[in-house]
Amino acid sequence: MMATLLVLRGRIRHFFERHYTLMRGILKALVVGILLLLMISRFPEGFFSDKYWIIPIIAVVCGFLPDAVGILSIVVTVGIEVWQVSPILAGTLLLMVAIFFLLFGRKAKEQWYMLLAVPAMSACNMGFSVPVVAPLFAGPSLIPALVMGIIIRFSLEGVAEYTATAQRIAGDGNLFAPLQYLVNYLMTNRSFWVALIVYTLTFVVIYLLRRANFRHAPQISILVGSIVLYTLEMISNIIWDLELDLVLTSILVIVTMGIAYLFQFMHISLDYHGTRKLQFEDEEYYYYVTAIPKFTVAVGDKTVTKILPEEVAEVQSELKEEVEKALAEERTEKEDKEDRNE
C-alpha cells in the first residue's frame with residue numbers, strides 16, 4: 001500500500017514539476033474561485049447575485065498573478081458585497097482587515113490563508129477543520145489570524161442578518177445604526193464567544209501534542225484535539241443552549257478527523273524532505289542523530305565546493321590527533337582512578 005502511494009505521489013509530482021506554471025495557475029484559480037463563491041454566497045441579493053460570470057474571470061486572472069492579488073481580490077469582492085448593505089459596515093470590516101495587515105499580515109502569507117479559511121470553510125459547515133488541520137503544519141504565530149478569521153466570519157453573518165432585518169429598521173435615520181447592530185450582534189452572540197474559545201484551545205492542544213517527543217504524536221494530537229473540540233462544543237451547548245444539531249456536529253467532527261489524518265499522512269508520512277532526529281543507545285553511549293535528506297536540484301542551481309586532497313589529509317590528521325588526545329585523556333583518568341582505588 002505504501003509503495004503504491006509513493007509511486008503515485010512520484011508520478012503526480014513529476015507531472016506537476018513538468019507543467020509547474022500551468023498547474024499552479026489552474027489550482028490557484030480554482031481555489032480563488034471557490035473562495036469567492038463561498039464568501040459571496042452569504043449575500044444572495046448582493047452586487048454579484050446576477051453577475052456570477054465575473055467570478056471565473058477574476059479567478060483565472062488571479063491564478064496567474066502573485067498570491068497577494070488573489071487575496072486582495074477576495075477582500076475587495078467581499079467589501080463590495082457588504083457596501084451594498086451599508087457603506088459604514090464595509091468601511092469597518094476593511095479597517096479591521098487593514099489593522100490586521102499592519103500588525104501581522106506582512107510577516108507571512110499563511111496569516112492570510114488562515115484568515116480566509118475560517119469564514120470560507122464555515123460557509124460550508126466545515127469550520128471545525130481549520131483549528132484541527134492548521135496546527136499540524138503551523139505554530140502559535142497563526143493564532144491571531146485564527147481569531148481575526150472568527151471575527152470576520154461572525155461579522156459577515158451579522159451583516160447578512162442585518163440585511164434580512166433592514167426593512168424593519170429602515171426608518172431609523174441614524175447613520176451608525178448598522179454598526180451598532182453589528183456590535184450588539186457580536187457582543188450578544190454566544191456562538192461567537194464559544195468559537196473563539198473552542199477553536200483557540202483546540203489549536204493549542206493539537207500543536208503542543210504534535211510537538212511532543214513520543215511516538216505517533218501527530219496522530220494522537222488529532223484524536224485528542226478532536227475530542228477536546230467536541231467536548232467543549234457539547235458543554236457549551238448544554239450551558240448556553242446553543243441549539244446545536246448533535247448528529248450533524250458529531251458527523252462534522254468525524255469528517256474533520258478524517259481530513260486531518262489524510263493531510264497528515266500525505267504531508268508527513270510520504271514526505272521525505274524534512275529533517276529527521278533519531279535517538280538510540282547501546283551499553284556505553286547515547287546516540288543523537290540528525291538525518292538531513294539530499295535534495296535534487298537543477299544543475300544550474302548547484303554550488304560545488306572542491307576540496308583538495310591536501311586539505312582532506314590535513315583535516316583527517318587534525319581529527320586523528322583530537323581523537324587520540326581524547327582517548328589518551330580517558331586512559332589517564334581511568335589509570336588515576338585505579339591508582340586511587342588501590
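Residues numbered from 1 in each chain as written. Predicted model: local features only at pLDDT ≥ 70, side-chain atom pairs only at ≥ 80, totals over all residues. Heavy atoms only, no water.

## Examining the confidence of the model for the protein
Working step 1: Taken as a whole, the protein shows an average pLDDT of 80; of its residues, 78% reach a score of 70 or greater.
Working step 2: Across the protein, helix α10 (residues 190–210) holds the top mean pLDDT of 93, while strand β1 (residues 276–281) sits lowest at 64.
Working step 3: Below a pLDDT of 50 lies the segment residues 295–302, which in the model reaches two contacts outside its immediate sequence neighbourhood of four places, other chains included. (pLDDT = per-residue confidence, 0-100. Helix = DSSP H or I, 4+ residues; strand = E, 2+ residues; numbered from the N terminus. Contact = heavy atoms within 4.5 Å.)

## A word on the pattern of salt bridges
Working step 1: Inspection of every chain in the model, using the stated rule, returns three salt bridges.
Working step 2: With its nearest N and O atoms 2.9 Å apart, the salt bridge here joins K28 to D67. Remark: D67 occurs in helix α4 (residues 67–85) and K28 occurs in helix α2 (residues 20–40); sequence separation between them is 39 residues. Summarising the burial analysis for this pair, K28 and D67 share the class buried. (Salt bridge = Lys/Arg side-chain N within 4 Å of Asp/Glu carboxyl O. Buried < 20%, exposed > 50% of the residue type's maximum accessible area, 1.4 Å probe, protein only.)

## As for the packing of aromatic side chains
Working step 1: Considering all chains together, one arrives at six aromatic pairs under this definition.
Working step 2: Through a chain of ring-to-ring contacts, the aromatic side chains of F100, F101 and W112 assemble into a single cluster. (Phe/Tyr/Trp six-rings, centres within 6.5 Å; stacked < 30°, edge-to-face > 60°.)

## Digging into the nonpolar core
Working step 1: Counting residues in hydrophobic clusters, the biggest one holds 65 residues, and the most contacted among them are V82, L89, M114, L146, I150, L156 and F203.
Working step 2: Sorting elements by how many residues they give to this core places helix α8 (residues 143–165) first, with ten residues.
Working step 3: Apart from residues no more than four positions distant in its own chain, M114 is found in contact with V130, A134, L142, A145, L146 and F203. (Core = buried A, V, L, I, M, F, W, Y, C linked by side-chain atoms within 4.5 Å.)

## Side note on the packing of α4 against helix α6 (residues 109–123)
Working step 1: Where α4 meets α6, the closest approach of the two axes is 11 Å, and the angle between their N-to-C directions is 30°. Here α6 runs roughly parallel to α4, going by the angle between their axes. As for the relative orientation of α4 and α6, their crossing is left-handed in sense. Counted together, D67, I71 and I74 of α4 and K109, W112, Y113 and L116 of α6 form the full contact between these two elements.
Working step 2: When its residues are assigned to classes, the contact of α4 with α6 shows five nonpolar, no polar and two charged. (Axes fitted to C-alpha atoms, helices over the stretch in contact; angles between N-to-C directions. Parallel < 35°, antiparallel > 145°, perpendicular 65-115°, else oblique. Left-handed = near helix turned anticlockwise from the far one by under 90°. Nonpolar A, V, L, I, M, F, W, Y, C, P; charged D, E, K, R; others polar.)

## Section: the environment of D241
Working step 1: With respect to the helices and strands, D241 occurs in the loop between α11 (217–240) and α12 (246–269).
Working step 2: Since its relative accessible area comes to 55%, D241 is described here as exposed.
Working step 3: For the pair D241 and S191, spaced 50 residues apart in the sequence, the C-alpha separation amounts to 9.9 Å.

## Considering the packing of α8 against helix α9 (residues 177–188)
Working step 1: In the contact formed by α8 and α9, the axes pass within 9 Å of each other and the chain directions differ by 125°. Judged on the interaxial angle alone, α9 and α8 are oblique. Considering the relative orientation of α8 and α9, their crossing is right-handed. Contacts between α8 and α9 pair F154, S155, E157, G158, V159, E161, Y162 and T165 from the former with P178, Y181, L182, Y185 and L186 from the latter.
Working step 2: Taken together, the residues that form the contact of α8 with α9 break down as eight nonpolar, three polar and two charged.

## So, the side chain of K28
Working step 1: Exposure remark for K28: the relative accessible area of 14% places this residue in the buried category.
Working step 2: Sequence-distant contacts of K28, defined by excluding residues within four places in its chain, comprise C62, G63, L65, P66 and D67.

## A few points about the side chain of T256
Working step 1: Structurally, T256 can be placed in helix α12.
Working step 2: The class of T256 is buried, set by a relative accessible area of 2%.
Working step 3: In this structure the side chain of T256 is engaged in a polar contact, spanning 2.8 Å, whose partner is the backbone oxygen of L252.
Working step 4: Among residues more than four places away in sequence, those in contact with T256 are M126, F128, S129 and V132. (Polar contact = N/O pair within 3.5 Å; in protein donor to acceptor, adjacent residues only side chain to side chain.)

## Topic: α10
Working step 1: For α10, spanning 21 residues, the distance from its first C-alpha to its last is 30 Å, which sits close to the expected 30 Å at 1.5 Å a residue.
Working step 2: Contacts made by the buried residues of α10 are with α6, α7 (129–133), α8, α9 and α11.
Working step 3: The distance from a side-chain oxygen at the start of α10 to the backbone nitrogen of S191 is 3.0 Å, and the residue carrying that oxygen is N189. (Expected span 1.5 Å × (residues − 1).)

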